[in-house]
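Observations on the three-dimensional arrangement
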Amino acid sequence: APPPSTSSEQMAREVAEVRKYVDSGTREELAIANKWADGPSTPTPPGHWNFLASPYIRKAGYSEVRAARAFALLNMALHDAAVGCWDTKYVYYNPRPSQMDPELKTVIGLPNFPSYTSGHSTFSGAAAEVLSYLFPTDAAYFEAQKEEASISRPYGGIHCRSDLEMGKAHGK
């Protein structure tokens, strides 16, 4: 589905929500934003999800072939998420919250590509789905990580709620 119109009340509410996080975010929210930003020159978020998957694969005692299969399933889903997300970004070319509200200053680096949909949310929706399939007893953990990765983006000032929700659905 398309994003909300940039002139809509919904978009105004979503930008105001991001502004609230940026202006009065808690230490915990800032820590979450930075945790999922990972830093320059890092393979985030796909690398972050591979890092999360590693101990589960190791703990399962998978053979080299099964471990390779698990990583292949995860990374094929992450790749598909990237292709779908970036295709969507450039179809709609939606501005970021700081482009809608020039007074809004991000607390993490501002990506140089369109906002809708959130890459972190799309990647995380795909990764959580695959890892929950592979490790069903730990599905709640992967779901929680998906939600945390997603909400980290408005905490950092770079995505609106509709970016997150559509990204998670798309990734799944």
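On a predicted model such as this, the values are computed, not experimentally measured, just so you know. What you see as residue numbers is a count from 1 along each chain, following the sequence as written. Given that this is a predicted model, residues contribute local features only at a pLDDT of at least 70 and side-chain atom pairs are listed and counted only at 80 or more, while totals for whole chains, interfaces and linings are drawn from all residues. Each side-chain value is worked out from all heavy atoms of the structure, with water and hydrogens disregarded.

Comments concerning the packing of helix α6 (residues 119-134) against helix α8 (residues 161-171)
- Lines fitted to C-alpha atoms define the axes, with helix axes restricted to the stretch in contact, and inter-axis angles between N-to-C directions lie between 0 and 180 degrees. For helices the rule is a DSSP run of H or I covering at least 4 residues; for strands it is a run of E covering at least 2, with both sets numbered from the N terminus onward. Between α6 and α8, the shortest axis-to-axis distance is 7 Å and the interhelical angle comes to 30°. Taken together, the axis directions place α6 and α8 in an arrangement best described as roughly parallel. Once α6 is placed against α8, the crossing between them reads as right-handed. Taken together, the residues of α8 that come into contact with α6 (itself represented by Ser121, Thr122, Gly125 and Ala126) are Asp163, Leu164, Gly167, Lys168, His170 and Gly171.
- In this count, Pro and Cys sit with the nonpolar residues alongside Ala, Val, Leu, Ile, Met, Phe, Trp and Tyr, while Asp, Glu, Lys and Arg are called charged and the others, Gly among them, polar. Among the residues making up the contact of α6 with α8, the classes are represented as two nonpolar, six polar and two charged. Just so you know how the angles are binned, under 35 degrees is roughly parallel, over 145 roughly antiparallel, 65 to 115 roughly perpendicular, and the rest oblique. Throughout, a crossing is termed right-handed when the near helix is turned clockwise from the far one, and left-handed when it is turned anticlockwise from it by less than a right angle. Residue contacts follow a heavy-atom distance rule, with two residues in contact if any of their heavy atoms lie within 4.5 Å.

A few points about the packing of α6 against helix α7 (residues 139-156)
- Between α6 and α7, the shortest axis-to-axis distance is 9 Å and the interhelical angle comes to 175°. In terms of axis orientation, α6 runs roughly antiparallel to α7. Between α6 and α7, the residues in contact are His120, Ser121, Ser124, Gly125, Ala128, Leu131 and Ser132 and Ala139, Phe142, Lys146, Ala149, Ser150 and Arg153, respectively.
- A breakdown of the residues in the contact of α6 with α7 according to their chemical character gives five nonpolar, six polar and two charged.

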